[in-house]
Amino acid sequence: MYRLPFVECLMFGALISATDPVTVLSIFQELGTDVNLYALVFGESVLNDAMAISLYRTMSLVKTHPSGQNLLMVVVRFLETFVGSMSAGVGVGFISALISFLSSFLPCYLFKYAGLDIDNLQNLESCLFVLFPYFSYMLAEGLGLSGIVSILFTGIVMKHYSYPNLSQSSQRFVSAFFELISSLAETFVFIYMGFDIAMEQHSWSHVGFIFFSIIFIGIARAANVFSCAYLVNLVRPSHRKIPPKHQKALWYSGLRGAMAFALALQSVHDLPEGHGQTIFTATTAIVVLTVLLIGGSTGTMLEALEVVGDSHGDSPLATVGTITNNYEENNGYVAPSYDEESSSGSRFKMKLKEFHKSAGSFTAIDKNFLTPFFTSQSGDEDDEDEPLTSTRPERPGRPGLNRHNPYSS
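Owing to the predicted nature of the structure, the values given are computational and were not obtained by experimental measurement.

Brief notes about the overall build of the chain
Along its length, the chain carries 15 helices and zero strands. Split into buried and exposed, the 409 residues of the chain put 39% on the buried side. Taking contacts inside the chain between residues at least 6 apart in sequence as the whole, the part at least 24 apart equals 78%. When the accessible surface of the chain is summed, it comes to about 22500 Å², and 66% of that surface belongs to carbon and sulfur atoms.

Set out below in structure tokens:
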């Protein structure tokens, strides 16, 4: 249908693999879908963005410098982009956690010698909490890495370690602030896409390329979702396996959105010989069609699969309780036990189980060492406490910021 060179094919495959199920997730919340299904769809989307950006940048470098590039160098460049960006983001996140931890114990002394009123501490800690992710983004871009991947991991670390160190009023404020910024960003993206469709010049002469791209995207997603779910179910106990109806819902939720559109827009500049314009047109059509068709039929799909209002017995809180029960009096961690099947199983399955146990070991390290060191919470606290309840006493501040905020739940 369209003679697209091999490297350009890889670039198109990298950018179109980024899922953005914003519409589906909003319907999930409205209809009360099972929290495990929500976590699967959301987690896949977040990690897909990071991988898509790293893969696209790697293929773009291969396109720019084709001489001396082999498979090993491509893998090295990909790992350099992804691991480097992730390391920069995690590092900035831990620095933010350490500073917020120190400020939770030394605010009076710091503000006394700085000549500031302690009532202004809330403004300062809120500003720092907002500016650290931006610093992570600029650091990664300055090092030639991916700022979006870096800021993603900074957010993960800061939510887990920096956020508990904030005062209650600051927690409510930053929650409402980021909720507002998120809504504005999502709305702006779709407004921008609408203007682009109406005003930009598109190459609609390759309709066959767009049509078969949509078909093979569905086939490739099915191959990935069902095969990965099969591998995951090999090592999960029976009560935590991903049921077939959740697998089908996960396959159906593969909308393309903001990230694919942004990378396609970048491809117009990276591929000036005309291929970028074709990729951009195809991506825009795929995004619009998937948002309209899949987003519009999500409610019907959920009702057909009977996943609306599923029981929450296997919710993340129940999983946390199961892991917590495996802590012994000496604060050691005993990995969750798994019922062995009658057959001994393959070596591959045993390796997967060992990986699952190592993940449990990291949970113990996080609870016993990282969380007590970087936050003002003790490692023995109940994980099911109110998430926005800080261990720090609320400092006197502006009365308007101490009122109940709907985003604090």
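Now that the structure is up, let's keep going.
Here we look at the environment of Gly147
Looking at the element boundaries, Gly147 is found in helix H7 (residues 147–162). Along the backbone, Gly147 and Pro133 are 14 residues apart, and their C-alpha atoms lie at a distance of 9.6 Å. With near-sequence residues (within four places) excluded, Gly147 lies in contact with Tyr137, Ala140 and Glu141.

What to know about helix H12 (residues 275–296)
Taking 1.5 Å as the rise per residue, H12 with 22 residues should run 32 Å; its terminal C-alpha atoms sit 31 Å apart, in good agreement. With 16 of its 22 residues buried, H12 lies for the most part within the structure.

A closer look at the packing of aromatic side chains
Evaluation of the coordinates by the stated rule reveals 15 aromatic pairs. Judged by centre distance (6.5 Å) and plane angle (15°), the ring pair of Tyr38 and Phe42 falls under stacked. Placement of both Tyr38 and Phe42 in helix H3 (residues 35–64) is noted, with a separation of four residues, approximately one turn of the helix. When its relative accessible area of 26% is taken as the criterion, Tyr38 is described as partly exposed. Overall, the relative accessible area of 44% leaves Phe42 in the partly exposed class. A ring pair is formed by Phe94 and Tyr161, whose centres lie 5.3 Å apart and whose planes are at 35°; its orientation type is tilted. Of the two residues, Phe94 sits in helix H4 (residues 71–105) while Tyr161 sits in helix H7, which places them 67 residues apart along the sequence. For Tyr161, a relative accessible area of 5% translates into the label buried.

Focus on the pattern of salt bridges
Enumeration according to the criterion identifies two salt bridges in this entry. With its nearest N and O atoms 2.6 Å apart, the salt bridge here joins Lys63 to Glu8. On the criterion of sequence distance, the pair formed by Lys63 in helix H3 and Glu8 in helix H1 (residues 6–16) is long-range, its members being 55 residues apart. Notably, a salt bridge pairs Arg221 with Glu44, separated by 2.7 Å at the nearest N-O pair. Of the two residues, Arg221 sits in helix H9 (residues 207–235) while Glu44 sits in helix H3, which places them 177 residues apart along the sequence. Residue Arg221 is classed as buried on the basis of its relative accessible area of 8%. Judged by its relative accessible area of 21%, Glu44 falls in the partly exposed class.

Side note on the nonpolar core
Among the nonpolar cores identified, the biggest contains 51 residues, and Phe12, Leu15 and Phe28 are the most heavily contacted of them. Sorting elements by how many residues they give to this core places H3 first, with nine residues. By size, the runner-up hydrophobic cluster in this structure holds seven residues, among which are Val92, Phe129, Tyr163 and Leu166.

So, the environment of Met11
The topology assignment puts Met11 in helix H1. It is 7.6 Å that separates the C-alpha atoms of Met11 and Leu55, two residues lying 44 residues apart in sequence. Apart from the residues within four sequence positions on either side, Met11 is in contact with Tyr56, Met59, Ser60, Lys63, Asp270 and Leu271.

Remarks on the packing of H9 against H12
Running from amino to carboxyl end, H9 crosses H12 at an angle of 55°, the nearest separation of the two axes being 10 Å. Of the possible angle classes, the one that applies to H9 and H12 is oblique. Seen from above, H9 lies across H12 with right-handed handedness. Two secondary-structure elements touch here, H9 through Phe209, Ile210, Ser213, Ile214 and Ile217 and H12 through Thr278, Thr281, Ala282, Ala285, Ile286 and Leu289. Grouping the constituent residues of the contact of H9 with H12 by class yields eight nonpolar, three polar and no charged.

Here we look at a nonpolar patch on the surface
Among the surface-exposed residues, Met1, Phe211, Phe212, Ile215, Phe216 and Ile219 lie close enough to one another that they form a single nonpolar patch of about 650 Å² accessible area. Considering the arrangement of structural elements, one finds Ile219 in helix H9.

As for the confidence of the model for the chain
Predicted coordinates in areas of low pLDDT are best not read in detail. Mean pLDDT for the chain: 76, with 74% of residues reaching 70 or above. Taken together, the stretch residues 311–345 has pLDDT below 50 and engages in 41 contacts with residues farther than four places along the chain or on a different chain. Between residues 378–409, whose pLDDT stays under 50, and residues either more than four places distant or in other chains, the model counts 61 contacts.

Observations concerning H1
Looking at H1, one finds that the buried residues are Glu8, Met11, Phe12, Ala14, Leu15 and Ile16. Buried residues along H1 sit in contact with H3, H9, helix H11 (258–270) and H12.

So, the side chain of Ser100
Position of Ser100 relative to the elements: it lies in helix H4. On the basis of relative accessibility, which here comes to 11%, the residue Ser100 falls in the buried class.

Parameters and conventions
- Sequence order sets the numbering: in each chain, residues are counted from 1 along the sequence as written.
- With pLDDT at 70 or above as the cut-off, local features in this predicted model cover only qualifying residues; side-chain atom pairs require 80 or more to be listed or tallied, and sums for whole chains, interfaces and linings still use all residues.
- To obtain the side-chain values, all non-hydrogen atoms of the structure were included, while hydrogens and water were left out.
- Secondary structure elements follow DSSP: runs of H or I no shorter than four residues count as helices, runs of E no shorter than two count as strands, and numbering proceeds from the N terminus.
- Burial classification: accessible surface area is computed with a 1.4 Å probe over protein chains only, and a residue below 20% of its type maximum counts as buried, one above 50% as exposed, and the rest as partly exposed.
- By the convention used here, residues are in contact when the closest approach between their heavy atoms is within 4.5 Å.
- To measure how exposed things are, a 1.4 Å probe is used in the Shrake-Rupley method; for residues, cover is taken only from the protein chains shown.
- Multiply 1.5 Å by the residue count of a helix minus one, and that product is the helix's expected span.
- Whether two aromatic rings pair depends on their centres lying within 6.5 Å, for rings of Phe, Tyr and Trp, where Trp uses its six-membered ring; planes under 30 degrees apart make the pair stacked, over 60 edge-to-face, and the rest tilted.
- Definition used for salt bridges: Asp or Glu carboxyl oxygen within 4 Å of a side-chain nitrogen of Lys or Arg.
- Nine residue types can take part in a nonpolar core, namely buried Ala, Val, Leu, Ile, Met, Phe, Trp, Tyr and Cys, and a core is a set of them joined through side-chain atoms within 4.5 Å.
- The axes are straight lines fitted to the C-alpha atoms, using for helices just the contacting stretch, and the angles between their N-to-C directions are given from 0 to 180°.
- If an angle is under 35 degrees, it is roughly parallel; if it is over 145, roughly antiparallel; if it lies from 65 to 115, roughly perpendicular; otherwise it is oblique.
- Throughout, a crossing is termed right-handed when the near helix is turned clockwise from the far one, and left-handed when it is turned anticlockwise from it by less than a right angle.
- Three classes are used: nonpolar for Ala, Val, Leu, Ile, Met, Phe, Trp, Tyr, Cys and Pro, charged for Asp, Glu, Lys and Arg, and polar for all others, with Gly counted as polar.
- Exposure above 30% relative accessible area and the lack of any salt bridge qualify a residue for a patch; like charges then connect within 9 Å, and the nonpolar side chains Val, Leu, Ile, Met, Phe, Trp and Tyr within 5 Å.
- As a per-residue quantity, pLDDT reports the predictor's confidence and falls between 0 and 100.

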